[in-house]
Amino acid sequence: MTIALNISRSISGQPWRWRGQGADARDPGYRPDDLVTQLLLARGCPREAVEAHRNPTIRHFMPDPSLFRDMDAAADRLADAVQSQEDVRIFGDYDVDGATSAALLIRLLRDLGLNAKPYIPDRLMEGYGPSGEALVRLAGEGASLIVTVDCGAQAFDALLQAKQAGVDVVVVDHHKCAAALPEAFALVNPNRLDEADEAAAHGHLAAVGVAFLLGAALVRTLRARGWFAARSEPPLMELLDIVALGTVADVAQLKGLNRAFVAQGLKVMAKRRNIGLAALMDASRLSRAPLCHDLGFALGPRINAGGRVGKADLGVRLLTTEDPLEAARIAAELDRLNEERRAIESLVQEQAEALLEAQGNRAVALVSGAGWHPGVIGIVAGRLKEKAGRPAIVIALDEDGLGKGSGRSISGVDLGAAVLAAKDGGLLVAGGGHAMAAGLTVAAEKLDALIDFLDDRLSAAVARSRDDRALMIDAVLAPAGVNPDFVAAMEAGGPYGAGWPAPLIASGPMRVIKADVVGNGHLRAIMAGDDGRSIKTIAFRKAETELGQAILAAPRDRRLWVAGRAKIDDWGARPAAELHLEDAAWAD
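Residues numbered from 1 in each chain as written. Predicted model: local features only at pLDDT ≥ 70, side-chain atom pairs only at ≥ 80, totals over all residues. Heavy atoms only, no water.

With respect to the packing of helix H17 (residues 415–424) against helix H18 (residues 447–467)
The relative placement of two packed helices comes down to the angle between their axes together with the axis-to-axis distance. Counted only if it meets this: A fitted line through C-alpha atoms represents every axis, and for helices the fit uses only the stretch in contact; the resulting angles, taken between N-to-C directions, go from 0 to 180 degrees. Strands are runs of DSSP state E lasting at least two residues, helices are runs of H or I lasting at least four, and both sets are numbered from the N terminus onward. Here roughly perpendicular refers to angles of 65 to 115 degrees, roughly parallel to angles under 35, roughly antiparallel to angles over 145, and oblique to all remaining angles. Note on convention: near helix rotated counterclockwise from far helix by under a right angle means a left-handed crossing. Clockwise means right-handed. The criterion used for residue contact is that any of the two residues' heavy atoms lie within 4.5 Å. Each residue is assigned to one class: nonpolar for Ala, Val, Leu, Ile, Met, Phe, Trp, Tyr, Cys and Pro, charged for Asp, Glu, Lys and Arg, and polar for all the others, Gly among them.
Interhelical geometry of H17 versus H18 gives an angle of 130 degrees and a closest axis separation of 11 Å. Accordingly, the angle class assigned to the pair H17 and H18 is oblique. Regarding H17 and H18, the two cross each other, and that crossing is right-handed. Across from Leu415, Ala417, Ala418, Ala421 and Ala422 in H17, the residues of H18 making contact are Leu450, Phe453, Leu454, Arg457 and Leu458. For the contact of H17 with H18, the per-class residue count stands at nine nonpolar, no polar and one charged.

What follows is the structure, encoded as structure tokens:
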């Protein structure tokens, strides 16, 4: 990869490199379409598939659901339940992916004439995933079929107890599987180790995406049985707004089918047909059509707040209600809980960062604390990962010395596999996850051994990832080129997110005209280029970093190259473009 703008070491201490060939959009003859094509190619899109990726559709990217092991068995069992009007329970995880997966199946089954009921475990009282006690209790209440969504792939004891209680369990999951599988009627998961390559290629799907495939298989099965001879087929595509929300909020890679889910789901969401989602957008002060960014930073955190610090089932109730008053009430409650979550998170983060300073340079930043709220440790782990530049695990210890932990990883480091290996090695009570995120339960006396184990297993991968660290630049613009028309043109290469990064734009050279600190450690600056045009920039949570301090102290006679993501600032009377800074480098 070629060094961009001759910057081999920026203020943040990293080289800038062109992603793909890079583009000099300062050329007046350069067309946005040319740049969008280059953006797609640089993200791994084959040249012959550029047009399909420019407008990703479900029809183009959707696989035959029958490719996946146990999919047909799961669809048949659900079809039996629909036709026989069985008591069906949807057992979901308490995060956004779990809530959206459960809501999708509940809404679909309702459209098919079956009133399935949700069950979302309490994070504090029950922990992650299905417990044998809960499944047996549901069976005792009359459930003949339980569908677990976004959980269950590692629930060996619980599913065995359910089988012994005489209830069928269908598992719909996407987390890593062990070689042995739990006792389930069917287990649908593209990350099963025995999946064929064509199905395993969809291992990046969130659980809600797998649930959508199961929904498609169910409708097809009922169609073949003649179920729709006297009734309408359900509008499956109208559920894509829920699929998009769960996919983005779970930080699933936006490639292949996930791109189509999100691109088409945003169109459905803009119609505001889901009463609960419309109420949540209102509570989030979101009046325009939603963008991919809104799903991850406005809507997702509010759904999550229910499972983190409130009632675990609020998200599912919001996404499945048909009552506007109930929707408005739940959305307001989730908004309030999200503010409460922010306050709790801030306190835990402050304490965790203090412990991080004293930890040393381990491969994995692992910190633990008594009394930390388990509902925010995943968010704090993500913050620590960004600050330390390495995987991070945050563990909340209870009074009995048992720790519930959540981890986030960096590119090229499979944290989920390491956690599974630690579990197999007897270091954990429970654990699982995927490459970029994992959860675990560990006894306090085994924390030191766990740190040593992760250090031995991941140090080489972490070192490689950090050595390869570079800021990947897509294009260079003159300051005047950072405008709303350019930002709008770039959206044609989206949706952007995990695995399909938003374009990073370099601009300059520029002088700092004004810089100050706003909010919770954010750096705000006005910069002017040699073309006489100025742009507004902001660097979130970077005021105290080397980058932030350099910009705050930059002399007027010294120029900078800056790099970041061009965004629309629509708070004023007229939309304007601004740059969300990631880095800068001295030009003089």
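Okay, back to it.
Description of the nonpolar core
We count it as follows: The set of buried Ala, Val, Leu, Ile, Met, Phe, Trp, Tyr and Cys residues whose side-chain atoms join them within 4.5 Å is what this entry labels a nonpolar core. Accessibility here uses a 1.4 Å probe with only protein chains present; expressed as a share of the type maximum, an area under 20% marks a residue as buried, one over 50% as exposed, and anything in between as partly exposed.
Ranked by size, the top nonpolar core spans 125 residues in total, and within it Ile90, Leu104, Leu109, Leu112, Val147, Ile303 and Ile551 carry the most contacts. Broken down by element, this core gets its largest block of residues, 11 residues, from helix H9 (residues 207–224). Excluding residues that lie within four positions of it along the chain, isoleucine 303 makes contacts with Val96, Ala99, Leu245, Leu280, Gly315, Leu318, Leu319 and Leu334. Counting residues in hydrophobic clusters, the runner-up holds 24 residues, among them Ile395, Ala418, Leu440 and Ile451.

With respect to the sheet that holds strand E6 (residues 186–188)
To keep things clear, this is the line we draw: At least two DSSP bridges between two strands are required for those strands to pair.
Within the open sheet, the five strands sit side by side as E3-E2-E4-E5-E6. Their pairing is parallel. The open sheet has two free edges, formed respectively by strand E3 (117–119) and E6, since each of these has just one partner strand. Between one strand axis and the next, the sheet turns through 20 degrees on average, direction left out of account. Alignment of strand E5 (residues 168–172) against E6, held across three bridges, turns out to be parallel.

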